[in-house]
Amino acid sequence: MSADLERKLADLVAAVSGGEISAEEALAGDHSLSALGLTSLAWIRLVDAIEDAFGVDVDLGGDLSAFERVDALAAHVSDLLDAR
């Protein structure tokens, strides 16, 4: 998994949160994104941003634990990219 991918995802988190969560906070992984204050609307925006940025389809019907930390999210997105 690439640090570049993690950074891009952290930047997306910062963007969709309207700056409430900094990319550095998201990357630190000290707290889940929910605990950092990522709202349900921001989650939807994050999924849309990931799909647009990486050209993948994110399935929200399964286990969403990958969306709690940037490193886990990067691993999930990497798997989606590999499956294309």
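Remember, it's a predicted structure, so these values are computed and weren't measured experimentally.

Thresholds applied
- Residues numbered from 1 in each chain as written.
- Predicted model: local features only at pLDDT ≥ 70, side-chain atom pairs only at ≥ 80, totals over all residues.
- Heavy atoms only, no water.
- Helix = DSSP H or I, 4+ residues; strand = E, 2+ residues; numbered from the N terminus.
- Rg over C-alpha atoms; globule rule 2.2 N^0.38 Å.
- Contact = heavy atoms within 4.5 Å.
- Areas by Shrake-Rupley, 256 points an atom, 1.4 Å probe, with all protein chains shown as cover.
- Phe/Tyr/Trp six-rings, centres within 6.5 Å; stacked < 30°, edge-to-face > 60°.
- Buried < 20%, exposed > 50% of the residue type's maximum accessible area, 1.4 Å probe, protein only.
- Salt bridge = Lys/Arg side-chain N within 4 Å of Asp/Glu carboxyl O.
- Core = buried A, V, L, I, M, F, W, Y, C linked by side-chain atoms within 4.5 Å.

A. Focus on the overall build of the chain. Per the secondary structure count, the chain includes 5 helices and 0 strands. The C-alpha atoms of the chain give 11 Å as radius of gyration, which agrees with the globular expectation for 84 residues (12 Å, within 12%). For the chain, the spread of C-alpha atoms along the principal axes amounts to about 30 × 25 × 20 Å. For the chain, the share of sequence-separated contacts (at least 6 apart) that also reach a separation of at least 24 residues comes to 54%. With an accessible surface of roughly 4700 Å², the chain has 49% of that area assigned to carbon and sulfur atoms.

B. Representation of the packing of aromatic side chains within the structure. All told, the structure shown has 1 aromatic pair when counted by the stated rule. Ring geometry for Trp43 against Phe67: centres 6.1 Å apart, planes inclined by 75°, an arrangement best described as edge-to-face. Residue Trp43 is located in helix α4 (residues 40-54), and its partner Phe67 is located in the loop between α4 and α5 (70-82); the two are separated by 24 residues in the primary sequence. Each member of the pair, Trp43 as well as Phe67, carries the same accessibility label: buried.

C. Molecular detail of the pattern of salt bridges. With the rule as written, the count across this model stands at 2 salt bridges. One salt bridge in this structure joins Asp11 and Arg7, with 3.2 Å as the shortest N-O distance. One end of the pair is Asp11 and the other is Arg7, both in helix α1 (residues 3-16) and 4 residues apart, which spans about a single turn. Accessibility expressed as a relative area gives 33% for Arg7, which makes it partly exposed. A salt bridge links Arg7 to Glu24, with the nearest nitrogen and oxygen atoms 3.2 Å apart. A residue pair is termed long-range when its members are at least 10 positions apart, and Arg7 in helix α1 and Glu24 in helix α2 (residues 23-28) qualify at 17 residues. Glu24 gets classed as partly exposed once you look at its relative accessible area, which sits at 48%. Three or more residues joined by partner-sharing salt bridges are found here, namely Arg7, Asp11 and Glu24.

D. Seen up close, the nonpolar core. Counting 26 residues, the largest nonpolar core has Leu9, Leu38, Leu46, Ile50 and Phe54 as the members making the most contacts within it. For this core, the secondary-structure elements that each account for two or more residues are α1, α2, α4 and α5.

E. Main features of the environment of Asp11. A residue is classified by how much of its surface remains accessible, and Asp11, at 35% relative accessible area, is partly exposed. A C-alpha to C-alpha distance of 9.6 Å links Asp11 and Ile21, two positions 10 residues apart in sequence.

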